[in-house]
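Chains, contacts and geometry: an overview
As a plain string of letters, each chain reads:
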Amino acid sequence: MSSNPRGKCIIINNSDFGNEAYNRHGAEFDEEKLVNLFKELFFDVDVRPNLSANAIRGVAIEVAARDHSAFDAFVFIIMSHGNDRDIIYGVDARYVQTEELMSEFKANKCPTLQNKPKLFIVQACRGSSQDLVAPANHKIDLVSRGNSTDSTLARGTCPQEADFLLAYGAAPGYTSYRNPGSGSLFIQVLVDVIRTHHRDSHLSELLQEVTSQLAEREIPQGGPNHEIHALQVPAHSSSTLRKKLYL
């Protein structure tokens, strides 16, 4: 890629749901890291905070209708609550489907992005399942302490046309952890890996490294001396990219 800017990077960050129990504390750290990263990568970054489901849908329609002829790529990042049907919640508790958003950027609706990479990154849970590990003879405590989940995107959702990539922070059915003091584990690892290796590794390799690092992280979940830990089930991605993409 050689255009400057490389393309649009849209970031939707739903953190304030009007209810303390559902607010996504720590999401501001994810937003800051993503904005800094994609500006470094020469993308034109546009942040849209705290949107309803209809507003999320409207952003996709609005951006897809623009002329992207001068650009080489497109990035759409969504951070919110989700569930195992691969839906994304707006701050109004209504939802939009991931596949519905992606469909706005198919060639028939967004011809100026045809044959260009379109990246969709989703930080939201895909269910409530957890992998918990504990030392022998210790009872597992399912109560999460210090980390929150974005539990509540379809398990079979995948790109339906060439040159799309869809990356989730968790495998189907599993939670994706977020720390109120530092942000979500997936986004933090993703940003660090891309920033460190983007010059010598293509995107698919970078996502494999993210998955590898997530699989090795244990997250304290409380219990005596924090002896109970959860494992974030590795990130999941599907791709119809036809070429190796270097950011």
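Described in the following lines is the structure provided in the data block. (Residues numbered from 1 in each chain as written. Predicted model: local features only at pLDDT ≥ 70, side-chain atom pairs only at ≥ 80, totals over all residues. Heavy atoms only, no water.)

1. Points about the overall build of the protein chain
The helix and strand inventory of the protein chain stands at five helices and 14 strands. The burial tally for the protein chain puts 50% of its 247 residues in the buried class. (Helix = DSSP H or I, 4+ residues; strand = E, 2+ residues; numbered from the N terminus. Buried < 20%, exposed > 50% of the residue type's maximum accessible area, 1.4 Å probe, protein only.)

2. A short note on the pairing of strand β9 (residues 164-168)
The element β9 is extensively covered by neighbouring structure, given that five of its five residues are classed as buried. Side chains F164, L166 and Y168 project from β9 onto one buried face, and the interleaved L165 and A167 project onto a second face that is buried too. The pairing of strand β6 (residues 118-123) with β9 spans five bridges and is classified as parallel. The residue of β9 that forms the bridge with I121 is A167. (Pairing = 2+ DSSP bridges.)

3. Here's the deal with helix α2 (residues 53-64)
For α2, spanning twelve residues, the distance from its first C-alpha to its last is 17 Å, which sits close to the expected 16 Å at 1.5 Å a residue. Among all positions of α2, only A53, I56, V59, A60, V63 and A64 are buried. Buried residues of α2, seen end-on, are gathered within an arc of 120° and therefore sit on one face of the element. Residues of α2 that are buried sit in contact with β1 (7-13), β2 (44-49), β3 (73-79), β4 (87-89), β5 (95-97) and α3 (98-103). (Expected span 1.5 Å × (residues − 1). Arc of directions from axis to C-beta. Contact = heavy atoms within 4.5 Å.)

4. A few points about helix α4 (residues 185-197)
In this model α4 runs 18 Å from its N-terminal to its C-terminal C-alpha over 13 residues, within 8% of the 18 Å that 1.5 Å per residue would give. Looking at α4, one finds that the buried residues are L185, F186, I187, Q188, V189, L190, V191, V193 and I194.

5. Quick look at unusual backbone geometry
Of the consecutive residues N4 and P5, the connecting peptide bond is found in the cis state with omega at 5°. Along the chain, P5 turns up in the segment before β1. A positive phi angle, near 65°, is found at N115, a position not held by glycine. With respect to the helices and strands, N115 occurs in the loop between α3 and β6. On the basis of relative accessibility, which here comes to 53%, the residue N115 falls in the exposed class. Phi is positive for D163, which is not a glycine, with a value near 75°. With respect to the secondary-structure elements, D163 resides in the loop between β8 (148-149) and β9. Here D163 falls in the buried class, since its relative accessible area comes to 7%.

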